[in-house]
Amino acid sequence: MIEQIQQIDEATNTVTINSEKELEAFRLEYLSQKGKLNTLFENFKALSGDQKRDIGKPLNLLKAKLENIYQQHKLLFTEKTGFHDFFDTTLPVSAEHKGSLHPLTIVENRLCEIFFSLGFDIATGPEIEDDNHNFGALNFAEDHPARDMQDTFFTAEHVLRTHTSSVQVREMEKRIPPIRLVMPGRVYRNEAVSSRSNCFFHQIEGLYIDRGVTFADLKKTLYYFVQQFFGPGTQVRFRASYFPFTEPSAEMDIWAGTETEDARRLTKGTGWLEVLGCGMVHPNVLKASNIDSKEYSAFAFGLGIDRIALLKYGIGDIRDLFLNDIRLLSQFRGL
Ligand code: DAH
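Note that the structure is predicted; figures quoted are calculated from it, not measured.

## Things to note about the overall build of the protein chain
Turning to step 1, where the next piece is worked out: In terms of regular secondary structure, the protein chain is built from 13 helices and nine strands.
Turning to step 2, where the next piece is worked out: Expected size for 335 residues packed as a compact globule is a radius of gyration near 20 Å; at 27 Å, the protein chain overshoots this value by more than 25%.
Turning to step 3, where the next piece is worked out: In terms of principal-axis extent, the alpha carbons of the protein chain reach across some 85 × 40 × 40 Å.
Turning to step 4, where the next piece is worked out: For the protein chain, long-range pairs separated by at least 24 residues make up 67% of all intrachain contacts whose partners lie at least 6 apart in sequence.

## Let's talk about the environment of Leu62
Turning to step 1, where the next piece is worked out: Considering the arrangement of structural elements, one finds Leu62 in helix α4 (residues 49-78).
Turning to step 2, where the next piece is worked out: When the C-alpha positions of Leu62 and Thr12 are compared, they lie 9.7 Å apart, and in sequence the two are 50 residues distant.
Turning to step 3, where the next piece is worked out: When near neighbours in sequence (up to four residues on either side) are disregarded, Leu62 contacts Ile5, Ile8, Asp9, Leu37 and Leu40.

## Thoughts on the domain arrangement of the protein chain
Turning to step 1, where the next piece is worked out: One can read the domain layout of the protein chain as domain 1 (2-86) and domain 2 (103-332).
Turning to step 2, where the next piece is worked out: With centres defined by C-alpha atoms, the gap from domain 1 to domain 2 works out at 47 Å.

## A short note on the site of the ligand
Turning to step 1, where the next piece is worked out: In the vicinity of the ligand there are 16 residues, among which His163, Ser165, Gln168, Arg189 and Glu205 approach most closely.
Turning to step 2, where the next piece is worked out: Take Gln168: an N or O atom from its side chain is 3.0 Å from an oxygen atom of the ligand.
Turning to step 3, where the next piece is worked out: Note that an oxygen atom of the ligand is positioned 3.2 Å from one of the backbone N or O atoms of Ala300.
Turning to step 4, where the next piece is worked out: Alone, the ligand offers 350 Å² of accessible surface; in the complex the protein occludes 93% of this.
Turning to step 5, where the next piece is worked out: Breaking the shell around the ligand down by element, the ones donating at least two residues are α8 (165-174), β5 (200-210), β8 (272-281) and β9 (297-304).

## Structural notes on the pairing of strand β6 (residues 236-243)
Turning to step 1, where the next piece is worked out: Sheet topology note: the β6/strand β7 (residues 246-255) ladder contains seven bridges and is antiparallel. Residue pairing for β7: Phe243 is matched across the bridge by Thr246.

## Section: the sheet that holds strand β1 (residues 121-122)
Turning to step 1, where the next piece is worked out: Strand order in this open sheet of seven strands is β1-β4-β5-β9-β8-β7-β6, and the pairing throughout is mixed. The sheet is open, and its two edges are formed by β1 and β6, each paired on a single side.
Turning to step 2, where the next piece is worked out: Pairing of β1 with strand β4 (residues 179-188) involves two bridges; the strand directions are parallel. Among the inter-strand pairings, Asp121 is bridged to a residue of β4, identified as Leu181.
Turning to step 3, where the next piece is worked out: Along the sheet face, α8 touches β4, β5 and β9 and points at about 35 degrees away from the line of β5.

## Digging into the packing of aromatic side chains
Centre distance and the angle of the planes are the two values used to describe a pair of aromatic rings.
Turning to step 1, where the next piece is worked out: Counting across every chain of the model gives 17 aromatic pairs.
Turning to step 2, where the next piece is worked out: Judged by centre distance (5.8 Å) and plane angle (40 degrees), the ring pair of Phe140 and Phe245 falls under tilted. Linking Phe140 in the loop between α7 (131-134) and β3 (159-160) with Phe245 in the loop between β6 and β7, this pair joins segments that are 105 residues apart in sequence. For the pair Phe140 and Phe245, one class covers both residues: buried.
Turning to step 3, where the next piece is worked out: Taken together, a centroid distance of 5.5 Å and an interplanar angle of 75 degrees make the contact between Tyr208 and Phe299 edge-to-face.

Here is what the cut-offs are and how they apply
- Residues numbered from 1 in each chain as written.
- Predicted model: local features only at pLDDT ≥ 70, side-chain atom pairs only at ≥ 80, totals over all residues.
- Heavy atoms only, no water.
- Helix = DSSP H or I, 4+ residues; strand = E, 2+ residues; numbered from the N terminus.
- Rg over C-alpha atoms; globule rule 2.2 N^0.38 Å.
- Contact = heavy atoms within 4.5 Å.
- Domains from an automatic or database assignment.
- Near = heavy atom within 4 Å.
- Polar contact = N/O pair within 3.5 Å; in protein donor to acceptor, adjacent residues only side chain to side chain.
- Areas by Shrake-Rupley, 256 points an atom, 1.4 Å probe, with all protein chains shown as cover.
- Pairing = 2+ DSSP bridges.
- Axes fitted to C-alpha atoms, helices over the stretch in contact; angles between N-to-C directions.
- Phe/Tyr/Trp six-rings, centres within 6.5 Å; stacked < 30°, edge-to-face > 60°.
- Buried < 20%, exposed > 50% of the residue type's maximum accessible area, 1.4 Å probe, protein only.

Next up, the structure:
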C-alpha cells in the first residue's frame, strides 16, 4: 500500500492542469467516491493496528496534497481576481512546493561553471560606480561620443554601472598577472524598455591576462563555452566592432534560427542573436591599472546573461524574467 501511495504522490508531483475539464478529470481520478484516494482509504480500514500506524500519516499527507492541488486550481479557474484571492495564505503549506532558482541564476551558475572548468576564478564588484571605473580607466575619453554608446543613469557623484567591465578595472588594480576571471553581475542602462531590452540586465565579464595571450585564445575560449552551453554544432559568427577598451574588438552572435516566433522576434528576423562583445584589451587599459602592456597581453569579453536565458529556455520577452510570475518560475523547479 505504501507503494501505491508513493506512486500517486510521484504522479502528481508534476501534474499539469490547464482547464476546468482537466481539473474535473483530476478530481474523478483521485478525489471522487470511486477515485484512487477513496480506494486507498477503503483498503486502510482493513489493516491491522500496527499497519495503520505506519500508513496513516503518509496517506493523510497525500490526501492533503491532492486536495490542495484541487483547491488551488479551482480558485485559478473560477476567480479571475487578484493575488490575495488566488493564494489562500491560510492553507497548510505542501512540503512538495519548494522554491526554485531563478532562470537567470541557473544560467549564470552554469556559465560560470564552464569557465571554472577552464581555470577561471570569480570576482564581483559594486553596482554603484565612479566615473573612472566605469569609463575613464576603460579608455573612454572625457568627451568621447563612445560614452553615448551606453545611456547612463547618473547620480550627483556616481553612475549605476553600465557594464561589468568596471569590475575588470577593480580586479586589475589589486592583482598581479596572470589573471583569469569571470565577473557576473547586474548592470543598468537608461534605455527604452522592450521585449529585447530592459533598463537593467545581467552580464558576465571575462578577463584573461598573461604573457602571449592572443585573439586565437579568445576565440577558442568562446567557442568552447558556446558548445558546452548550447550543445555541439551550435553556430556562431564574429563581427568586427568597436569598444574603447579593446583593440581589435568584435561581437559574437549565436544562431537562434528563424523557425519560432520567439526566435524571429529576438533576432529581429535575422536568426542571429548578439550575445557578447569582446576583444584584446587596449594597452591604455592595462597601463591605467599599472600592468606592463609590453610584457602582458589580455583578452576580455562581456556577455549578456538575459538574452542567453531567453534563447536557452524559449522565453519570448525579456520583461518576463522580472515579473516573478509563479507560473514561469515553477517551471524551473529542480533545475
Ligand atoms: N562592456 C561591453 C558592453 O557592455 C561589452 C564588452 C565588450 C565587454 C568588449 C568586454 C569587451 O570585456 O572586451 O557592451
